[in-house]
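Here is what each chain is made of, one letter per residue.
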Amino acid sequence: MRNFRRSVWFSWPYRQRLVASVFCALVVAVLWSVNLGAIYPVLKLLSSGKNLQQWVDEEIAEQQKQREIHAREVANLNFALATLETKPDTPEREKQKRNYSADLARATDLQDYHASWDYRYQWLRAKVIRYMPTDRFEAFLWIMVGVLVCVVVKGVFEFLHESLVGWVTNRTLFDLRNSFFRRVVRQDVRQLSSAGTTDLMARFTNDTEQIGSGVKVLYGRVVAEPLKAVACFAAACFICWQLAITFVVVVPLALYVLMRVSKAMRKASKKALQRMSAMYKILNETFGGIRAVKGFTREAHERRRFRQANYEFYRKALRLVNIDAFTNPAIEVLVVLSVGLALGAGVYLVVTQNTHIGIFRMCSQPISFETLLQFYVFLAAIADPVRKLSSVYTKLQGAEAASARIFELYDREPTIRGNADGPRLTEVKKRIEFRHVCFAYNPAADAPTLDNVSLTVKAGETIAVVGGNGCGKTTLLALLPRFFDPDSGAVLIDGVNLRTAHLRSLRKLIGVVTQDTQLFDDTVLANIAYGKRGATRDEVIAAAKQARAHEFIEKKEGGYDALMGTAGSNFSGGERQKVALARAILRNPQILILDEFTSAIDMQSEIDIHDALKEFVKGRTTFLITHKLHTVPEIADRVAIMDAGQLLDFGTHAELLARCEPYRRLFESVQMWKTDAAASGGTKESAPLTETPRPVPPTQRGAA
Ligand SMILES: Nc1ncnc2c1ncn2[C@@H]1O[C@H](COP(=O)(O)OP(=O)(O)OP(=O)(O)O)[C@@H](O)[C@H]1O
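Residues numbered from 1 in each chain as written. Predicted model: local features only at pLDDT ≥ 70, side-chain atom pairs only at ≥ 80, totals over all residues. Heavy atoms only, no water.

As annotated in an unreviewed UniProt entry, the chain carries the name ABC transporter ATP-binding protein and is attributed to Gemmata massiliana. Note on the chain: under the UniProt heading Subcellular location (unreviewed entry), the record states "Cell membrane". (UniProt positions renumbered as here; feature names shortened; annotations may be inferred.)

Set out below in structure tokens:
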């Protein structure tokens, strides 16, 4: 339960409310046993043929009579013992002395017992029964009214208890979710992509809900139900503690059963939560990619996948249900066994009117039928809270499994640290340098994604990064904002190793526009303003104009206040890219990374955007990943050509055309493709780089 204890710790700030809830539970427990205790006087009224005053007076007289009898017995035994002391010290005298002493202890005990009951009846007579009507039926009605009042008061305290527990539970979850979010969002890209979005969502929703049920039963039932049981047990002990003790002999067995069940429950809960995560994943993939599903008519395939995941969850959930279902009857059998043991002993005492069972003294005087019945009512009343507690245990185990999943991620320390004391980067003065950089997403399994890449870019340059699919262009530039750190080698800005630099200052220097635009379900205005904290509407509009987005935004119903939909789904791919570009422009970054940012933009807009960019990139260092090589000469100062994680060559367009065979072939093929497209009606907008260039020997590589 270590993990669940950590979840519960989030309630600590609200301990005062918890204490108040425990007080309410205590009042409820006391009133619960008081109500049950009303059975005894009612039985007495019915069975004895006397009113309450007569009954209590008779009881007082009886107790006093018994007390006097035992007091006389004590005096006689004391006298006998004193007489024995005067006789010679023989074994016979010692034996007699022992017998007398035992009798004296018993008689003193009985004298005290009757004295205490005398006192209790006297108290009852003076404080309660004195005010009761002498008519038996009227007295019964009074008792019933008393019970009703107790039930109403109990109801009020029950409500307060539930309400306080509900408040603390929800507040605990609120804080836990916030804290969990804070911890997770700090983690770096590699850690978050390994967890997977849907699994994370499942942990935030389903798992925290499960913890919520655990916390609720902990503060609700785990506190209130034992208090009820304890109150009833105390009342049963008040009647006859020896009989009550026989009730608890089964407790070790019950604890053993609960322990076994808890272990099974914890395992089953963990598996069920994992299956639930898997189901979330399929739902997310299917509905997130619904166009692909429908376009490729894969509904049946998705249905099968979902059915399988759903079936797996159903099986695990069924196991949970079975364990839970087993707990209740098992505990009930044990409770009935305990009640049966205590009741059996009580019935024996009533039937035989004995005070002993074998050598054990069970009570000081024979038990009446009414007393046994009242005793049984208290024991039976313990069964209800105990039964409720048994299901609590299974819930707590579920919460432990969920907490384990939450804290597994919660405790993960980010590998990329903020470097609060590191040098702050405010601008790029001289150069950005990739120095012998090697990187693999999974160093144990994969070949390196980047293999000894060295590249030096002067401040203010625009660099086109080109190469075939999967050659490592995006990965290389992801090292710049430190989405990842190189496995070996270093990335430096003006000689400062980025590993040591102040992370926030570094990221503030950079604006990124990716092909996958990553927009939020908010207004256009909010999406563009995301790039700069506190941006005004005018600034947003100016940025949108530069990104050639203003026109289509104005045409949209709602203009800048139009909602973009989930991941910008209310807008076309090209429009989304223009909004993402406006966001980066608004940030006014020193370093601009444009990763195939015009892949979905039409030819005319692309020409417009390039015109705008020519102005915008002045004074900034810009990296442009592109497959559209025909745009390279007009916008890029130099070109880096990559293949299979290696830098093939680096130089100006003219230099590469002259010395880099793969680049020349690529460029020529793009030119040919463009000419063909123009001849066939010009329907093709731009020429993609389809051919992966062959590596050239290192001697031919351009120096950085
Ligand atoms: N998160 C990831 N985990 C594991 N491997 C990855 C991950 N992202 C990319 N890769 C792999 O790393 C290699 C380089 O990917 P990268 O995205 O850098 O290529 P790219 O040159 O930008 O490709 P493209 O032109 O298609 O965008 C690819 O083989 C890709 O499969």
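Back to the write-up after that little detour.
Caption draft 1: Structural context of the overall build of the chain. Helix and strand counts for the chain come out as 23 helices and 12 strands. Computed over its C-alpha atoms, the radius of gyration of the chain comes to 42 Å, more than 25% above the 27 Å expected for a compact globule of 704 residues. Seen along its three principal axes, the alpha-carbon backbone of the chain occupies a region of about 130 × 65 × 50 Å. Across the 704 residues in the chain, those meeting the buried criterion constitute 45%. Of all intrachain contacts in the chain linking residues separated by at least 6 positions in sequence, the fraction that spans at least 24 positions is 78%. (Helix = DSSP H or I, 4+ residues; strand = E, 2+ residues; numbered from the N terminus. Rg over C-alpha atoms; globule rule 2.2 N^0.38 Å. Buried < 20%, exposed > 50% of the residue type's maximum accessible area, 1.4 Å probe, protein only. Contact = heavy atoms within 4.5 Å.)

Caption draft 2: The arrangement of the environment of His653 in detail. On the secondary structure map, His653 appears in helix 22 (residues 653–659). In this structure the C-alpha to C-alpha distance between His653 and Arg638, which are 15 residues apart in sequence, comes to 6.3 Å. Non-local contacts of His653, meaning those with residues more than four positions away in its chain, are made with Pro633, Val639, Tyr663 and Phe667.

Caption draft 3: Region of the structure containing helix 1 (residues 2–9). Those residues of helix 1 not exposed but buried are Asn3, Phe4, Ser7 and Val8. Mapping the buried residues of helix 1 onto a view down its axis gives an arc of 145 degrees, with all of them on the same face. In this structure, helix 1 carries Arg2, Arg5 and Trp9 as exposed residues pointing more than 90 degrees from its buried face. Elements that come into contact with the buried residues of helix 1 comprise helix 6 (136–186), helix 8 (197–219) and helix 13 (369–410). (Arc of directions from axis to C-beta.)

Caption draft 4: Representation of the pairing of strand 12 (residues 646–651). With 5 of 6 residues buried, strand 12 is to be regarded as a mostly interior element. One ladder, built from 5 bridges, connects strand 11 (residues 638–643) with strand 12; its direction is antiparallel. Paired with Asp643 across the two strands is Gln646, which belongs to strand 12. Joining the antiparallel neighbours strand 11 and strand 12 is a turn of 2 residues, in which Ala644 adopts a positive phi near 45 degrees. (Pairing = 2+ DSSP bridges.)

Caption draft 5: Spatial organisation of the domain arrangement of the chain. For the chain, the domain assignment lists domain 1 (2–51 + 135–410), domain 2 (431–509 + 592–700) and domain 3 (519–588). Relative to domain 2, the C-alpha centre of domain 1 lies at a distance of 61 Å. (Domains from an automatic or database assignment.)

Caption draft 6: The arrangement of the site of the ligand in detail. In the vicinity of the ligand, the contacting residues are Tyr441, Thr449, Gly468, Asn469, Gly470, Cys471, Gly472, Lys473, Thr474, Thr475, Glu596 and His627. One nitrogen or oxygen atom from the main chain of Gly470 is found 2.9 Å from an oxygen atom belonging to the ligand. For the ligand, an oxygen atom lies 3.1 Å from a polar atom in the side chain of His627. Coverage of the ligand by the protein chains reaches 58% of its 630 Å² of free accessible surface. (Near = heavy atom within 4 Å. Polar contact = N/O pair within 3.5 Å; in protein donor to acceptor, adjacent residues only side chain to side chain. Areas by Shrake-Rupley, 256 points an atom, 1.4 Å probe, with all protein chains shown as cover.)

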